[in-house]
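Coordinate inspection notes
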Amino acid sequence: MRSSNQMWGGRFSAGPDAIMEAINASIGFDKRLAAQDIAGSRAHAAMLAATGIVSDSDAKAIREGLLTVLSEIEAGEFAFSTALEDIHMNVEARLKDIIGDPAGRLHTGRSRNDQVATDFRLWVRDQLDMAEAALVRLLQACLAQAEAGADWVMPGFTHLQTAQPVTWGHHMMAYVEMFGRDLSRVRDARARMNECPLGAAALAGTGFPIDRHMTARDLGFDRPMSNSLDAVSARDFALEFLSVASISAMHLSRLAEELVIWSSAQFRFVTLSDRFSTGSSIMPQKKNPDAAELIRAKIGRIFGANVALMMVMKGLPLAYSKDMQEDKEQVFDASDNWLLALAAMEGMVRDMTANVPVLEAAAASGFSTATDLADWLVRETGLPFREAHHVTGALVALAEEKGCDLPDLSLEEMQAVHADMTDDVFDVLGVHNSVASRTSLGGTAPVRVREQIARWKEVLG
Ligand code: ARG
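This report concerns the structure included in the present document.

Parameters at a glance
- Residues numbered from 1 in each chain as written.
- Predicted model: local features only at pLDDT ≥ 70, side-chain atom pairs only at ≥ 80, totals over all residues.
- Heavy atoms only, no water.
- Helix = DSSP H or I, 4+ residues; strand = E, 2+ residues; numbered from the N terminus.
- Rg over C-alpha atoms; globule rule 2.2 N^0.38 Å.
- Buried < 20%, exposed > 50% of the residue type's maximum accessible area, 1.4 Å probe, protein only.
- Contact = heavy atoms within 4.5 Å.
- Areas by Shrake-Rupley, 256 points an atom, 1.4 Å probe, with all protein chains shown as cover.
- Core = buried A, V, L, I, M, F, W, Y, C linked by side-chain atoms within 4.5 Å.
- Patch = residues over 30% accessible without salt bridge, like charges linked within 9 Å, V, L, I, M, F, W, Y side chains within 5 Å.
- Salt bridge = Lys/Arg side-chain N within 4 Å of Asp/Glu carboxyl O.
- Pairing = 2+ DSSP bridges.
- Polar contact = N/O pair within 3.5 Å; in protein donor to acceptor, adjacent residues only side chain to side chain.
- Near = heavy atom within 4 Å.
- Nonpolar A, V, L, I, M, F, W, Y, C, P; charged D, E, K, R; others polar.
- Arc of directions from axis to C-beta.
- Lys, Arg positive; Asp, Glu negative; His and termini not counted.
- Charge placed at Lys NZ, Arg CZ, Asp CG, Glu CD.
- Phe/Tyr/Trp six-rings, centres within 6.5 Å; stacked < 30°, edge-to-face > 60°.

Details of the overall build of the protein
Each helix and strand in the protein was counted, giving 19 helices and 6 strands. Radius of gyration (C-alpha) of the protein: 31 Å, far over the 23 Å computed for a compact globule of 461 residues. Summarising its shape, the C-alpha atoms of the protein cover approximately 100 × 50 × 40 Å along the three principal directions. Counting only residues that meet the buried cut, the protein has 50% of its 461 residues in that class. Taking the intrachain contacts of the protein between residues at least 6 apart in sequence as the baseline, contacts between residues at least 24 apart amount to 74%. When the accessible surface of the protein is summed, it comes to about 21300 Å², and 53% of that surface belongs to carbon and sulfur atoms.

This is the structure in structure tokens:
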């Protein structure tokens, strides 16, 4: 018969079935919380000594012993045990091996419930900090592209049909706005989640005279959480992390989709670098945008994690339930993949080369300046916009029939459609004039785009 658990087995005469152990243990994944677990325990031990709950010498032995455990884990020398269930009990059991009896005083005035909530918050906070740095690097890569091509023209699309010419810089800056909001969501989430659950104990707090402000401060939290039931059972910080990651991954996926389209032989808008492309094992001519495709796919697992954890949490009564152990793998996987996608996108954006002549030729095709023509009719001949729209439509139909673009029609041909047409109209049919004219706030004119680039450079420092 298996022996009962050395941490909680006092009332048990038999150990768990192997299947019970398999479903119960979390050490296979929560070992990733080792550094946070040890930091939390060291802060707790220091507080227990400062408040006179344990002796200074016991606290010192505990704090030093925990550092030894950490170095064993970091060196890959630690023997993790499934029988000890999770990272918390693995660490404490090893501490006992190293320092003996004082180890038994570490768990005074706390529970694994506040312990795991603290560890997990610390871990998620680190990921938010990494995501923040990764987003800043990605923003800088997009800004560099925008700056290089503030006045390169390209087609702007709606319905993926040529709509109006825009500038490359404007298009890049649209992503700067999106990733900028992702960055602000990361910062908001961090500010909201940075409260310390430690000291909530199992659920009701403790009778020991603990100092929760001290542990909160030591661990870099802004304050202790105010309600012990909430402290041990809240996982909205993890859900907010997953929501922020999902929205950001969705933005990454949209840009990834554009890179897939743009790098195709049919578009040739951009050339991706060899460093971020792959070849085909059968078709020698191929250069595939695999990184972009994988970034496009990552949203699936990240959003899936968000939905999965939402489902885990939605029916749980207060306070802790073991269901909540299912929070970690989802967040670990989502975070790993989000950070990887951010880094891969940064690399692709930095390295890609826009094919400026191809962009310009594409910008000029598809009657992309038809709106400029209609606007010109309104401005110069006083035609109401609806009528101008109609006249322009007739001119587009004529060009289409002749198999040419709008600027290729002669003035006589235009005047046959509408008598008020003059030579001046040709000025607005060019794509450079078209983008330069769109100077409204937020518009695609290079002068506006450069203002936005300058503003963002200042924001990012
Ligand atoms: N491994 C557990 C988890 O991840 C730690 C908390 C266990 N608490 C308990 N009361 N059994 O949620």
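Read on, since the account is not over.
Some details on the nonpolar core
Ranked by size, the top nonpolar core spans 92 residues in total, and within it Trp 338 and Met 345 carry the most contacts. If one sorts the elements of this core by residue count, helix α10 (residues 236-262) sits on top with 15 residues. Among the nonpolar cores identified, the runner-up in size contains 22 residues, and Ala 374, Val 391, Val 396 and Cys 404 belong to it.

Quick look at a nonpolar patch on the surface
Together, Phe 303, Val 307, Met 310 and Met 311 make up a nonpolar patch on the protein surface, roughly 370 Å² of accessible area in all. The residue Met 310 is located in helix α11 (residues 290-313) in this model.

What about the pairing of strand β2 (residues 161-167)?
Where strand β1 (residues 153-158) and β2 come together, 6 bridges link them in antiparallel fashion. Bridging from a neighbouring strand, Val 153 pairs with Thr 167 of β2. What sits between β1 and β2 in their antiparallel hairpin is a turn of 2 residues, with His 159 showing a positive phi close to 55°.

Brief notes about the environment of Thr 369
Structurally, Thr 369 is set in the loop between α13 (356-364) and α14 (370-381). Separated by 204 residues in the primary sequence, Thr 369 and Pro 165 place their C-alpha atoms 7.1 Å from one another. Sequence-distant contacts of Thr 369, defined by excluding residues within four places in its chain, comprise Pro 165, Leu 406, Val 428, Leu 429, Gly 430, Val 431 and Ser 434. Here Leu 429 takes part through its backbone oxygen, which lies 3.2 Å from a polar atom of the side chain of Thr 369.

Some details on the site of the ligand
Around the ligand sit Ser 26, Asp 30, Asp 86, His 88, Arg 112, Asn 113, Val 116, Tyr 320, Gln 325 and Lys 328, and those are all the residues in its vicinity. At a separation of 3.0 Å, a nitrogen atom of the ligand approaches a polar side-chain atom of Asp 86. Lys 328 places a polar side-chain atom, nitrogen or oxygen, 2.6 Å from an oxygen atom of the ligand. Protein coverage of the free-state accessible area of the ligand, which is 340 Å², stands at 86%. For the shell around the ligand, the class distribution of residues is 2 nonpolar, 4 polar and 4 charged.

A closer look at α13
Listed as buried for α13 are Leu 359, Ala 362 and Ala 363. Looking down the long axis of α13, one finds its buried residues gathered within 105° of arc, a one-sided arrangement.

Observations regarding a negative patch on the surface
Residues Glu 412, Asp 423, Asp 424 and Asp 427 make up a contiguous surface patch of negative charge. The topology assignment puts Asp 424 in the loop between α16 (411-417) and α17 (425-429).

Digging into the pattern of salt bridges
Following the criterion strictly, the structure yields 28 salt bridges and no others. For the salt bridge of Lys 402 with Glu 413, the shortest nitrogen-to-oxygen distance reads 2.5 Å. Note that Lys 402 is positioned in helix α15 (residues 385-402) and Glu 413 in helix α16, a separation of 11 residues in sequence. You can call Glu 413 partly exposed: its relative accessible area is 22%. Linked through salt bridges whose partners overlap, the residues forming this network are Glu 85, Asp 86, Arg 112 and Lys 322.

Looking at the environment of Ala 238
Mapping Ala 238 onto the fold places it in helix α10. Along the chain, Ala 238 and Gln 330 lie 92 residues apart, while their C-alpha atoms are 9.6 Å from each other. With residues near it in sequence (within four places) discarded, Ala 238 still touches Phe 120, Leu 309 and Val 331.

Let's talk about the packing of aromatic side chains
The geometry of an aromatic ring pair comes down to the distance between the two centres and the angle between the two planes. Applying the stated criterion across every chain, the model contains 12 aromatic pairs. Between Phe 78 and Phe 80 the ring centres are 4.7 Å apart and the planes differ by 45°, which places this aromatic pair in the tilted class. Note on Phe 78: relative accessible area 10%, which makes it buried. According to the relative accessible area criterion, Phe 80 is partly exposed, its value standing at 29%. Between Trp 152 and Trp 168, the ring centres sit 6.2 Å apart and the planes meet at 45°, which makes this aromatic pair tilted. Of this pair, Trp 152 sits in the loop between α6 (112-148) and β1 while Trp 168 is found in helix α7 (residues 168-193), placing the two residues 16 residues apart along the sequence. By relative accessible area, Trp 152 is classed as partly exposed at 23%. Joined through ring pairs, the aromatic side chains of Trp 152, Phe 157, Trp 168, Trp 262, Phe 267 and Phe 269 make up one cluster.

Quick notes on the side chain of Gln 115
Considering the arrangement of structural elements, one finds Gln 115 in helix α6. Reaching out from Gln 115, the side chain makes a polar contact with the side chain of Asp 37 at a distance of 3.0 Å. Beyond its immediate chain neighbours, meaning those up to four positions away, Gln 115 contacts Asp 37, Ser 41, His 88, His 107 and Arg 110.

Looking at the side chain of Arg 212
Mapped onto the elements of the fold, Arg 212 is located in helix α8 (residues 212-218). Put simply, Arg 212 is tucked away with no salt bridge, and the nearest opposite charge, on Asp 114, sits 6.9 Å away. Looking at Arg 212, its side chain comes within polar contact range of the main-chain oxygen of Met 225, at 2.9 Å. Beyond its immediate stretch of four places on either side in the chain, Arg 212 contacts Cys 196, Pro 197, Leu 198, Gly 199, Ala 200, Pro 224 and Met 225.

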